[in-house]
Amino acid sequence: MAGVSFDEVSLVYPGTERAAVKDLDLDIADGEFLVLVGPSGCGKSTALRMLAGLEEVTSGRILIDGEDVTGLSPKDRDIAMVFQNYALYPHMTVAENMGFALKIAGVPKHERRRRVEAVAEQLDLTEYLDRKPKALSGGQRQRVAMGRAIVRSPRVFLMDEPLSNLDAKLRVQTRTRIAALQRELAVTTVYVTHDQTEALTMGDRIAVLKLGELQQLGTPRELLDKPRNTFVAGFIGSPAMNLFDASLEADGIRLGSAVVPVDPSVSAQAASSEVTVGVRPEDLRVLDDAQPGMELNVALVEELGADGYIYGTIPHGDEQKDLVVRVDGRSHPAVGDTVRIGADPQQLHVFDRQTGERLGR
């Protein structure tokens, strides 16, 4: 086990001008589960591959347990990687796949078998040890790929979108298993995903990347409650945070016919009265007609059991702005209704319209 550090790491592919990863500065604690998340092309898999030694660093250093491994080959870094496509040997049994790295390392046969059986029991794979990969389901193959990594007892686990080939139900089951197993093993783990729901439910901390640059690093709650900029605000959370332009007034921010008070630090930091306001669907509520607020025309209702979501539009200047509101799944407006919506003043997020950076505390 060991901590990992990216020290101002950059990678520029030959023939390109923009860095795939730019000045990444990131410290991952010993035993931590860190998730790298962001849209396609943001550099998260590239950062993981640099840590694995599969991509050559253009500048900066990568350290594992304080040792500079930037120039070391992958086999000398003592890391184990779980890939998206499992990468199992089809002609080998489950036991042979899991123990292959130990065999290459010269571990005696009886010791290999003992370690493989111990890990197989952890992953509920004991009854499948003599089967070939083609006889397994996608979820079982993914557990074999994990078992092959675990059996080596590496210093660091690297996981590159390991659940993307599984169906929705199996993804939920498997991500729960991975998170619980990681905490049991207490091995430093760097996990890459584009799915921010996976990131929020699995990671101790999350690093959000955009175009190769780190946007914010923090716990899931920190990213939800205090996004650093509009990109993080719109990316983290499901459904995404509602973002729209508004104007600062003396008493707060005008939302429709209501003026919602904001922290004085917002006005103190704002460069102008033109700002971007963010509010999550769960922090909006349906009001009585007599209360001041925003007029929402309901276009779609999603019923999800106890919760529901209404999707609609609000007047915004000469245009209509999309808005999502969480409601009671058993009692909610219908499609075609016009309802008045209000925001919780304590959960209002305000950003500079030009820079996108957060304003206030």
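Residues numbered from 1 in each chain as written. Predicted model: local features only at pLDDT ≥ 70, side-chain atom pairs only at ≥ 80, totals over all residues. Heavy atoms only, no water.

What follows covers the pairing of strand β20 (residues 349-352). Across the two faces of β20 the burial is the same, with His349 and Phe351 and Val350 and Asp352 all buried. With four bridges connecting them, strand β14 (residues 274-279) and β20 associate as antiparallel partners. Paired with Val277 across the bridge in β20 is Val350. One ladder, built from two bridges, connects β20 with strand β21 (residues 358-359); its direction is antiparallel. When the bridges of β21 are listed, Val350 appears paired with Leu359. (Buried < 20%, exposed > 50% of the residue type's maximum accessible area, 1.4 Å probe, protein only. Helix = DSSP H or I, 4+ residues; strand = E, 2+ residues; numbered from the N terminus. Pairing = 2+ DSSP bridges.)

It is worth spelling out unusual backbone geometry at this point. Looking along the chain, the bond that leaves Ser238 and enters Pro239 is cis, with omega of -5 degrees. Here Pro239 shows up in the loop between α8 (230-235) and β11 (242-249). Of note in the backbone geometry, Asp23 takes a positive phi value of approximately 50 degrees without being a glycine. Inspection of the secondary structure puts Asp23 in strand β2 (residues 21-28). Not every positive phi belongs to a glycine, and Glu161 is a case in point at roughly 45 degrees. Topologically, Glu161 is positioned in the loop between β7 (156-160) and α5 (168-185). What makes Glu161 buried here is its relative accessible area of 15%.

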